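Spelled out, the chains give:
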Amino acid sequence: MLDLNLLLLVFSYLNTAATSATRSRQIDTNSTLFFPILTTTANTTPLLRSKHDLQSSSRALRAAQISNLSGSALLKTTGSSFLAEITLGSQTFLSVVDTGSSDTWIARSDFTCVDIITNATKPQSKCYFGGTYTPDNQFHQIANENFNITYGDGEYLTGPVGTISVTLANVRVPSQQVSLATLAAWEGDGQTSGIIGLAYPALTAAYPGTDPRVDKYCKPGATPQNSGCNQVEYSSLTNTIFFSERLTAPVFALALSRDESNSGNGGYLSIGGIPPLDLVGVKSGVFASTPIKVLPGDSKFRYYLISIDGLVMLPAGTPLPAEGASKLGVEVRSKGSGRRPRPHPHTSSFSNAVTPSSLPVTPNSQADYILDSGTTLSFFPSQMTTKYNAMFNPPATLDPYTGFWLVKCGSSPPPLGVKIGGQVFFHNGKELVKQFDATRCVSGIQDSGRLGGVNILGDVFLDNVLAVFDLTQGNSKVWFAGRRDYMS
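The structure presented is a predicted model; accordingly, all values stated were derived computationally and were not measured. (Residues numbered from 1 in each chain as written. Predicted model: local features only at pLDDT ≥ 70, side-chain atom pairs only at ≥ 80, totals over all residues. Heavy atoms only, no water.)

*Asks:* Kindly report on the overall build of the chain, identifying the contributing residues and their values.
*Replies:* Secondary structure summary: the chain contains seven helices and 31 strands in total. Evaluated residue by residue, the chain yields a buried proportion of 60% over its 488 residues. The long-range share in the chain, meaning contacts at least 24 apart out of those at least 6 apart in sequence, stands at 77%. Accessible surface computed for the chain: about 17,200 Å², of which carbon and sulfur atoms make up 53%. (Helix = DSSP H or I, 4+ residues; strand = E, 2+ residues; numbered from the N terminus. Buried < 20%, exposed > 50% of the residue type's maximum accessible area, 1.4 Å probe, protein only. Contact = heavy atoms within 4.5 Å. Areas by Shrake-Rupley, 256 points an atom, 1.4 Å probe, with all protein chains shown as cover.)

Below, the structure written as structure tokens:
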């Protein structure tokens, strides 16, 4: 769920080929002695996945350039969400787990719902929130400060900010700044109450005073002195857990799962380590890593921005390669500890991380991508998107009204791999054909040009890997391990 303020800012950089700075090496099976943050943790919580494959919860699909199109057609295709329980004070909610934003907020019980296109007031029920926060004395409002955010699909919220105790995945923060939405232009899913922003403090959206009309976000390199911006940066939830309070090791992990059985199973979130590898279907325990990058000209981390080595696009119908025997990454021994959540069912022993030695990487496919759990589809550079969608059998077609690449629902998707740190991580074909409406389907790979050129690896990629966000200061990186195919 990307903040609209930066969508257009980063496009020229993200669309250029990047020099890969990945690290991939092999050490012995006692590697947990060298990588203690990759040990398993009891701070693991199950995630729910909202019931429908494409519904209005992902925030990055609609850019400002296409806001003149019909909102209903676009908002209905913005994807499923991954939901975690979060407790503010003594009130517990389901909220969207989002690596593409930094604010943690909940709708307040007396909020005003407005239309995203017209800004006209409408009934609260039309914003489709789940539970809402009832004000009590556990929330300590910060005077003369306001929350104001606009997401990439045009949804926006404003309201007061304050501090309260927050508990997520068994980790309790005694005092965390959060926001309460009192004005919401929102298209929810009927289950979720807000968002859990897991990105960096530089993306937080608080401002001085109580008039949102004068709020101005500080873009990379901008300061109040040189640009007149007035953003009040504060410690995001992950920053508080890892660095302000030092409650756990500075790492969190996501194993997102598609929910073919509509059971609501959405995978797992771990804070302070990784989930048990057998729980999330990691077979080999071999991890590849790549550094988290700062945008050019910026001095702060904002998004989880990484370089990929390239893309592997195989003709439709090509069998996936057998699992590679060569250990190309860092092997990590799984050590269970504490409470073990319910095991994840699997249907095969195939792991989607394979040896890249014989796999042809598509020329000019090296690029930088934002890892965003709040975006259902992935967004590739235009050239790569056109090339890939032409490889469907039958080929995908570009719909001139919505701007989406559409495919026949029974079409055969071309095998697609993302090479990171010397390993290739393949998508499951089920991720690459998504239901669009009653009769049509949409490709899992769309054009980042509709986002101003912001390349994104969304849930269609993250559903296939265990992604470990290692925020060690001075050496931040993301680790990836392939997962077995599974049913849920």
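*Asks:* Explain the environment of Val232 to me, using residue names and the numbers behind them.
*Replies:* Among the structural elements, Val232 can be located in the loop between helix H4 (224-227) and helix H5 (237-244). Residue classification places Val232 among the partly exposed residues on the basis of a relative accessible area of 27%. Sequence-wise, Val232 and Ala202 are 30 residues apart; in three dimensions their C-alpha atoms are separated by 9.3 Å. Excluding anything up to four places from it in sequence, Val232 contacts Glu145, Thr204, Ala206, Tyr207 and Pro208.

*Asks:* With reference to specific residues and values, describe the state of the cysteines.
*Replies:* Note on terminology: disulfide describes a covalent bond linking the sulfur atoms of two cysteines. Inspection of every chain in the model, using the stated rule, returns three disulfides. Note on cysteine connectivity: Cys113 is disulfide-linked to Cys127, with sulfurs 2.1 Å apart. Handedness here is read from the sign of the S-S torsion; for Cys113 and Cys127, about 100 degrees, the answer is right-handed. Of this pair, Cys113 sits in strand E4 (residues 105-114) while Cys127 sits in the loop between strand E5 (121-122) and strand E6 (140-150), and the two are 14 residues apart along the sequence. For the pair shown, Cys113 and Cys127 are each scored as buried. In this model, Cys218 is linked to Cys229 through a disulfide, with the two sulfur atoms separated by 2.0 Å. Its S-S torsion of about 95 degrees marks the bond between Cys218 and Cys229 as right-handed, since a negative value means left-handed. Here Cys218, found in the loop between strand E10 (206-208) and H4, pairs with Cys229, found in the loop between H4 and H5; they are eleven residues apart in sequence, far enough to count as distant. Relative accessible area serves as the criterion here: at 3%, Cys229 is assigned to the buried category. (Disulfide = S-S within 2.5 Å.)

*Asks:* Lay out the packing of aromatic side chains with the relevant residues and their values.
*Replies:* All chains considered together, the criterion is met by 18 aromatic pairs. Centre to centre, the rings of Phe129 and Trp186 are 6.1 Å apart; their planes meet at 5 degrees, and the pair counts as stacked. Here Phe129, found in the loop between E5 and E6, pairs with Trp186, found in the loop between strand E8 (171-185) and strand E9 (194-197); they are 57 residues apart in sequence, far enough to count as distant. Overall, Phe129 belongs to the buried group, its relative accessible area being 11%. Arranged with centres 5.5 Å apart and planes meeting at 80 degrees, the rings of Tyr369 and Phe380 form a pair that is edge-to-face. In this pair, Tyr369 is assigned in strand E19 (residues 367-371) and Phe380 in strand E20 (residues 378-380), connecting sequence segments eleven residues apart. For the pair formed by Tyr369 and Phe380, the shared burial category is buried. Among the aromatic residues, those joined into a ring-pair cluster are Trp105, Phe111, Phe129, Tyr151 and Trp186. (Phe/Tyr/Trp six-rings, centres within 6.5 Å; stacked < 30°, edge-to-face > 60°.)

*Asks:* Tell me about the pairing of E8, and name the residues and values.
*Replies:* One ladder, built from five bridges, connects E4 with E8; its direction is parallel. Residue Trp105 lies in a different strand from E8, and its bridge partner there is Ser179. Bridge count for strand E7 (residues 156-168) against E8 is ten bridges, and the pairing is antiparallel. Of the residues in E8, the one forming a bridge with Tyr156 is Ala185. Taking the residues that link successive antiparallel strands as the turn, the E7-E8 hairpin has two residues, and the phi of Ala169 there is positive, at about 50 degrees. (Pairing = 2+ DSSP bridges.)

*Asks:* I'd like a rundown of the sheet that holds strand E26 (residues 441-443), residues and numbers included.
*Replies:* Strand order across the open sheet formed by four strands is E21-E22-E26-E25, with antiparallel pairing between neighbours. Edge positions in the open sheet fall to strand E21 (397-398) and strand E25 (433-435), since each of these has one partner strand only. Here two bridges tie E21 to strand E22 (residues 405-407), and the two strands are oriented antiparallel to one another. Considered in E22, the bridge of Thr397 is made with Leu406.

*Asks:* I'd love a proper account of the nonpolar core, names of residues and values included.
*Replies:* Among the nonpolar cores identified, the biggest contains 100 residues, and Leu157 and Phe480 are the most heavily contacted of them. Sorting elements by how many residues they give to this core places E8 first, with six residues. Formed by 15 residues, the second largest nonpolar core is a distinct cluster that contains Val251, Ala255, Val282 and Leu466. (Core = buried A, V, L, I, M, F, W, Y, C linked by side-chain atoms within 4.5 Å.)

*Asks:* Account for unusual backbone geometry, naming residues and giving values.
*Replies:* Look at the link from Asn393 to Pro394: it is a cis peptide, with omega at -5 degrees. With respect to the secondary-structure elements, Pro394 resides in the loop between helix H6 (382-389) and E21. In this model, Ala169 sits at a positive phi of 50 degrees, which is unusual for a non-glycine residue. Along the chain, Ala169 turns up in the loop between E7 and E8. The phi dihedral of Asn364 is positive, around 60 degrees, even though this residue is not glycine. Residue position: Asn364 is located in the loop between strand E18 (353-354) and E19. Classification of Asn364 as exposed rests on a relative accessible area of 64%.

Note that all results are geometric; they support no functional claim without further evidence.
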